[in-house]
There are 2 protein chains.
Amino acid sequence: MKTRIISGLVMAPLLVILIFRGYVLYAGCIIISLMGVYEFFRGFRELEIKPSYPIAAVSVICLYAMGIFMNLGIIDAHPWESLWIFATVVACLLYLFKIEKRKLDDAMVTLTGILYVGFFCFHMGMLGMNEEFGILVWMAVITAFGTDICAYFAGVALGRHKLCPVISPKKTWEGAVGGVLGAVILSGVFGFFFMREYLIHCMIIGLLGSIVSMFGDLTASIFKRKMGIKDYGNLIPGHGGILDRFDSVLFTSPLVYYYVELVLMQC
Amino acid sequence: MKTRIISGLVMAPLLVILIFRGYVLYAGCIIISLMGVYEFFRGFRELEIKPSYPIAAVSVICLYAMGIFMNLGIIDAHPWESLWIFATVVACLLYLFKIEKRKLDDAMVTLTGILYVGFFCFHMGMLGMNEEFGILVWMAVITAFGTDICAYFAGVALGRHKLCPVISPKKTWEGAVGGVLGAVILSGVFGFFFMREYLIHCMIIGLLGSIVSMFGDLTASIFKRKMGIKDYGNLIPGHGGILDRFDSVLFTSPLVYYYVELVLMQC
């Protein structure tokens, strides 16, 4: 519990950039993406898999550069987004051409890292650029951290039935339900104060975001278990790396982004 | 040589669907994608990697369904294409949740197969739907097979210096140059007869397509070498599977597609 609260406080300055949004948040997302991919790749060292950080870094930087051009209306999302995917896959495959030195895993981890960390995080940056709904970046964070904290307290107080003992032994169904309820309530409070006309949408995002945030958390646990590590890094001493903090946000950001694009912007 | 010519003849009926283009070609691409992903996954059996064909098949079918809706103007490419990528990555990661039964490779091969085979091939289908430039699907095929055949004859006649002996021992630099020249000439002939006002663009596509087609060929060789197999399948008896035939077209199709979208359609 102490860990969880201290981590929460350590996160506070990072959350300040959410207030500025726009390019400040965008720059933050670039840094988180580049550091996150680095931590993700480092986790594979023990498995003797050597993904290409240069390919990943160039791919991620191109993605964010494209995002800026799209935002300025210089290029269209289509076909540039799909061209980016194509070019990224090709770059990862070309990495295999030194066939004696490279394993298939080296290329596949490179691709997975770019998409799972870089591309997922990119949604947060793009969401923050949205003039009308950019404030909803808070929802990606509130659902992720709200679920985590509420699930913790609900689990401690009421936890009886294990959720998935093999992946994450401490999680309980009671905690999960508490996490979802907590996230919906927090989202409702946020909606009430900041987006009253979209209050019900905020609570729907809270519900969906809370569920995907748990999947994000468990996905990171699976990777770490398979890698044989406890934390991705040691950036915040005693509280893990950047990916340990943002594992759920990686999943909630795209959720909020697509909810805005496909539901709210069509209203 | 006999193999190469017979394979060429066996391909002839397949090429007939290129004449119809539109939904006929689109349906052909769906079949090639689904069969190609199946062959790709089967190649990993020897490595004891078990990707999820159901996830891949659903993802590929969703992609092609989206393509039809985009083509009919019911949905926009953005954000649906990037939502598709997000959902596909999440589905592959969820596949790991049975953590005792699954390896990271199972998920990463699933993702790689969907993108490398399904997504790359999808470009051919979408290109064939283009009203003005759909005829250029021929260029994806001419550059791929033209390079292959011309490189073969040039290599037999003049080949002295090995291109990349570790990946594909029979290929020579002389063959590669002959393949590029042959593809440019064939593309020029095609342009002269069918798209005279875009003749120079056809030859540029011939040049670029020929180079990426060799990368496509070598990429497939790398996969097969790492898998420890000679051919992906035995669909055309004695002449390999569908992926053995289309390994280069997987790379030339996106090239032609993006050339059309970013160059020709802006003219």
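Up top you'll find the structure we're talking about.
Keep in mind the model is a prediction, meaning the values are calculated, not measured. (Residues numbered from 1 in each chain as written. Chains lettered and ligands numbered in written order. Predicted model: local features only at pLDDT ≥ 70, side-chain atom pairs only at ≥ 80, totals over all residues. Heavy atoms only, no water.)

1. Observations regarding the overall build of chain A
For clarity, the cut-off: Secondary structure elements are taken from DSSP: a helix is a run of H or I of four residues or more, a strand is a run of E of two residues or more, and numbering for both begins at the N terminus. With C-alpha atoms as the basis for the radius of gyration, the globule rule is written as 2.2 Å multiplied by the number of residues raised to the power 0.38. Throughout, a residue-residue contact means that at least one pair of heavy atoms, one from each residue, lies within 4.5 Å. Residues counted as positive are Lys and Arg, residues counted as negative are Asp and Glu, and His and the chain ends are not counted. Charged side chains are reduced to one point each, which is NZ for Lys, CZ for Arg, CG for Asp and CD for Glu.
Broken down by element type, chain A carries 10 helices and 0 strands. For chain A, the C-alpha radius of gyration of 19 Å lies close to 18 Å, the compact-globule estimate for 267 residues. Projected onto its principal axes, the C-alpha positions of chain A cover 55 × 45 × 30 Å. Sequence separation of 24 or more characterises 72% of the internal contacts of chain A that already satisfy a separation of 6 or more. Once the 20 positive and 18 negative side-chain charges of chain A are each reduced to a mean point, those two points are 11 Å apart.

2. Structural notes on the relation of the copies chain A and chain B
Rule in force here: Here the copies are superposed with least squares, the fitted atoms being C-alpha atoms of residues at a pLDDT of at least 70 in both.
Once chain A is rotated about the relating axis by 180° and shifted along it by 0.0 Å, it coincides with chain B to within an RMSD of 0.0 Å. Between the two chains, the operation in question is that of a two-fold axis. The residues that chain A uses at the interface reappear at the interface of chain B in 98% of cases, marking a shared surface.

3. Quick word on the packing of aromatic side chains
Quick note on the threshold: A pair of Phe, Tyr and Trp rings is counted when the ring centres sit within 6.5 Å of each other, with Trp represented by its six-membered ring. The angle between the planes then sorts it: under 30 degrees is stacked, over 60 is edge-to-face, the rest tilted. Three exposure classes are used, based on accessible area relative to the maximum for each residue type with a 1.4 Å probe and protein chains only: buried under 20%, partly exposed in between, and exposed over 50%. Note on criteria: charge over ring means Lys NZ or Arg CZ within 6 Å of the ring centre, with the direction from the centre no more than 35 degrees off the ring normal.
Using the criterion set out here, one finds 48 aromatic pairs over all chains in the structure. When the centroid spacing of 5.3 Å and the interplanar angle of 80° are considered together, the rings of tyrosine 26 of chain B and tyrosine 64 of chain B count as edge-to-face. With a gap of 38 residues between them, tyrosine 26 of chain B in helix α2 (residues 22–42) and tyrosine 64 of chain B in helix α3 (residues 53–71) connect regions that are remote in the sequence. The exposure class of tyrosine 26 of chain B is buried, given its relative accessible area of 2%. Over the face of the ring belonging to tyrosine 95 of chain A we find arginine 102 of chain A, whose NZ or CZ atom lies 3.9 Å from the ring centre. If you follow arginine 196 of chain B out to its NZ or CZ, it ends over the ring of phenylalanine 192 of chain B, 4.0 Å from the centre.

4. Structural notes on the environment of lysine 171 of chain B
All names here are of chain B. Inclusion rule: Polar contacts here mean pairs of N or O atoms no more than 3.5 Å apart (in protein, one a potential hydrogen donor and the other a potential acceptor; neighbouring residues in sequence count only if both atoms are side-chain atoms).
Tracing the sequence through the fold places lysine 171 in the loop between α6 (137–158) and α7 (173–194). For lysine 171, a relative accessible area of 24% puts it in the partly exposed group. Separated by 20 residues in sequence, lysine 171 and alanine 151 place their C-alpha atoms 8.4 Å apart. Not counting the four nearest positions on each side in its chain, lysine 171 is found in contact with His161, Lys162, Leu163, Cys164, Asp217 and Leu218. Separated by 3.0 Å, the side chains of lysine 171 and serine 168 make a polar contact.

5. Regarding the packing of helix α10 (residues 249–262) of chain A against helix α4 (residues 77–94) of chain B
Two measures define how a pair of helices packs: the angle their axes make with one another and the distance between the axes. Put simply, the test is: In this analysis an axis means a line fitted to C-alpha atoms, helices contributing only their contacting stretch, and an angle means the value between N-to-C directions, from 0 to 180 degrees. Note that the term roughly parallel is reserved for angles under 35 degrees, roughly antiparallel for angles over 145, roughly perpendicular for angles of 65 to 115, and oblique for everything else. Should the near helix be turned anticlockwise from the far one by less than a right angle, the crossing is termed left-handed; should it be turned clockwise, right-handed.
Following both chains from N to C, one finds α10 of chain A and α4 of chain B inclined at 150°, their axes separated by 11 Å at the closest point. On the basis of the axis angle, α10 of chain A is roughly antiparallel to α4 of chain B. Between α10 of chain A and α4 of chain B lies a crossing of left-handed hand. Residue-level inspection shows Phe251, Pro254, Leu255, Tyr257, Tyr258, Glu261 and Leu262 of chain A of α10 of chain A in contact with α4 of chain B, the latter providing His78, Pro79, Trp80, Ser82, Leu83, Phe86, Val90 and Leu93 of chain B.

6. Notes on the interface of chain A and chain B
Note: interface size is frequently given as the accessible area lost on complex formation between the parts. The criterion, for reference: Note on definitions: buried area is the accessible-area loss of two parts on being combined, 1.4 Å probe, summed for both. One speaks of a salt bridge when a side-chain nitrogen belonging to Lys or Arg is within 4 Å of a carboxyl oxygen belonging to Asp or Glu. Residues were grouped as follows: Ala, Val, Leu, Ile, Met, Phe, Trp, Tyr, Cys and Pro as nonpolar; Asp, Glu, Lys and Arg as charged; and all remaining residues, including Gly, as polar.
Opposite the 46 residues of chain A that make contact, chain B presents 45 residues. Across the interface of chain A and chain B, roughly 4,500 Å² is buried in total on both sides, 83% from carbon and sulfur atoms. Scanning the region where chain A abuts chain B turns up 0 salt bridges. Counting the contacts that link chain A with chain B gives 12 residue pairs in polar contact (both at pLDDT 80 or more). Going through the elements one at a time, α4 (77–94), α5 (104–129), α8 (199–227) and α10 of chain A are the ones with two or more residues in the side of chain A that touches chain B. Broken down by element, the residue count for the side of chain A that touches chain B peaks at 13 residues, all from α4 of chain A. Taken together, the residues that form the side of chain A that touches chain B break down as 34 nonpolar, 4 polar and 8 charged.

These figures come from the coordinates and say nothing about function on their own.
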